[in-house]
Amino acid sequence: MDLLRINDVVDSYGISSRTLRYYEEMGLLWSSHPDHKAQRYYDTDALERLKQIVILRKLQIPIKDIVTIFKSENMEALIQAFVDKLESLDTEISALSELRRLVDDFLHKMLMSGIKKISAIPLLYEETEKRLATAEKSEPVTFEKLSEISRDALKLHDVRVIRLPPMRVLTSRLKTGQAEGLDENLFAKYGFISEPGLRNCFFRKEPNDEWVMLMKIPQGYENATGYIDEAFPGGLYAITTSFMADMDDTFVLLRDYISGSDHYEFDADAEGKLLRDELIEEILPGDIVSTFNQYQQDVFVPIRVKNKKEQVVGYEH
């Protein structure tokens, strides 16, 4: 039986190992550790299932509906999921069409009134026409195009800029070098409890797409555990909120947002390599997660101010 290593799955499908683990937690996917190997491997059937999941997610079918689809032995669940999505899109399209009509009416009223110095309004009109013309063209939809459309439909909401303080953290990486599983209760026996949304527990995305848990500990704590502790540097981050199923696309959108920012840039070296790691923080209480199987996170991308003389504090919209 052909097996594919998790790192190869991550590279092939553009999905983080954290998302793969989430699919497994939801009962949608499975993996194995052949011959006691440290990394997880996926067989042919699991990869075929993953392809189906990815396509359904790109079509913005909710995870709860995908679970129902795969539990069902007939096509009814799949058909109903598509019907529900079409109804949702019809509502959104209707609202956007009405918004376009209002903007168009407003534009004509402004122009008819002789106001011609507001250059942004004609540009907005031209851009709207261009977008509509593009949308009306019938083009073959590739997987890459589907991913792009999915991200465009997702959009970002409430991008914030915050500064995390330096702190000492206990990591989920053993002193032997091996990373443990991402269990928020991992350090409970040492008296350290994760509190979602209170900035005391993070998950760090490392360069090889391995995720490591970071738990804030007192500066003077004597580390007698089997886990590595380290000094977390803190610093400036752009953050936004995402559900787990949308996390990978949200990271892409947030990076695009930073790339287009007038005030901020990635905290990276001359080659573009980030000097600090990307993070996520769970923000839903554990009882809500366990009751509804719903995960929600803040995602963090490290940034710095472009112009050091410019002191920007608070929010950027």
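Residues numbered from 1 in each chain as written. Predicted model: local features only at pLDDT ≥ 70, side-chain atom pairs only at ≥ 80, totals over all residues. Heavy atoms only, no water.

I'm lost on the packing of aromatic side chains in this one. Help?
Both the distance between ring centres and the angle between the ring planes are used here to describe each pair of aromatic rings. Across all of its chains, the model carries seven aromatic pairs by this definition. Plain terms: the ring middles of Tyr-22 and Tyr-23 are 6.0 Å apart, the flat faces sit at 40 degrees to each other, and that makes the pair tilted. Residue Tyr-23 is classed as buried on the basis of its relative accessible area, which comes to 3%. With 6.2 Å between their ring centres and 15 degrees between their planes, Phe-202 and Phe-232 make a pair best called stacked. Taken together, the residues span a long stretch of sequence, with Phe-202 in strand β5 (residues 201–205) and Phe-232 in strand β7 (residues 227–232) at a distance of 30 residues. Of the two residues, Phe-202 and Phe-232, both sit in the buried class. Among the aromatic residues, those joined into a ring-pair cluster are Phe-202, Phe-232, Tyr-237 and Phe-300. Against the face of Phe-203 rests Arg-18, its NZ or CZ located 5.3 Å from the ring centre. A cation sits over an aromatic face here: Arg-276 above Tyr-237, 4.7 Å from the ring centre. (Phe/Tyr/Trp six-rings, centres within 6.5 Å; stacked < 30°, edge-to-face > 60°. Buried < 20%, exposed > 50% of the residue type's maximum accessible area, 1.4 Å probe, protein only. Helix = DSSP H or I, 4+ residues; strand = E, 2+ residues; numbered from the N terminus. Lys NZ or Arg CZ within 6 Å of the ring centre and 35° of its normal.)

Whenever I open this one, the nonpolar core confuses me. Can you help?
Proteins that are soluble and globular tend to have nonpolar side chains buried together. Residues Leu-20 and Ile-63 are the most contacted members of the largest nonpolar core, which totals 56 residues. For this core, the leading source of residues is helix α3 (residues 44–58), giving six residues. Setting aside residues no more than four positions away along its own chain, Ile-63 makes contact with Tyr-22, Tyr-23, Met-26, Leu-28, Arg-57 and Ala-245. Core analysis: the next-biggest nonpolar cluster, separate from the first, contains twelve residues, Ile-162, Met-167, Phe-202 and Leu-214 among them. (Core = buried A, V, L, I, M, F, W, Y, C linked by side-chain atoms within 4.5 Å. Contact = heavy atoms within 4.5 Å.)

Is there a simple way to think about helix α1 (residues 6–13) in this case?
Because an α-helix packs 3.6 residues into every turn, residues spaced three or four apart end up facing the same way. Along α1, the positions that sit buried rather than exposed are Ile-6, Val-9 and Val-10. Each buried residue of α1 lies within a common arc of 100 degrees when the element is viewed along its axis, so the set occupies one face. Facing away from the buried side of α1 by more than 90 degrees, the exposed set consists of Asp-11 and Ser-12. Considering only its buried residues, α1 is in contact with β1 (3–5), α2 (17–25), β2 (41–43) and α3. Directly beyond the C-terminal end of α1, a positive phi value near 65 degrees is found at Gly-14. (Arc of directions from axis to C-beta.)

So what exactly am I meant to see when it comes to the environment of Val-161 here?
Note on placement: Val-161 falls in strand β3 (residues 160–164). Through-space distance from the C-alpha of Val-161 to that of Tyr-264 is 9.5 Å; in sequence the pair is 103 residues apart.

I keep staring at the pattern of salt bridges and nothing clicks. Help me out?
One side chain can pair with another of opposite charge once the charged atoms of both are near each other. Within this structure, the stated rule accounts for 19 salt bridges. Note that Glu-281 and Arg-199 form a salt bridge whose closest N and O atoms lie 2.4 Å from each other. Residue Glu-281 is located in strand β10 (residues 278–282), and its partner Arg-199 is located in the loop between β4 (167–174) and β5; the two are separated by 82 residues in the primary sequence. Judged by relative accessible area, Arg-199 falls into the partly exposed class, the value being 23%. (Salt bridge = Lys/Arg side-chain N within 4 Å of Asp/Glu carboxyl O.)

Before we go on, may I ask you to explain the pairing of β5 in this structure?
Within β5, five of the five residues are buried, which leaves it mostly tucked inside the rest of the structure. Burial along β5 is two-sided: Cys-201, Phe-203 and Lys-205 facing one way and Phe-202 and Arg-204 facing the other are all buried. Examined bridge by bridge, β5 and strand β6 (residues 211–217) share five bridges and lie antiparallel to one another. Residue Cys-201 lies in a different strand from β6, and its bridge partner there is Met-215. Hairpin connection, β5 to β6: the antiparallel pair is bridged by five residues, and Asp-209 has positive phi, about 65 degrees. (Pairing = 2+ DSSP bridges.)

Help me understand the pairing of β3, please; the structure alone is not making it clear to me.
Counting buried residues in β3 gives four out of five residues, a clear majority hidden from the surface. When β3 meets strand β8 (residues 235–243), the two strands line up antiparallel, connected through five bridges. Pairing of Ile-162 across the sheet is with Tyr-237, part of β8.

Distances and angles like these do not, on their own, reveal function.
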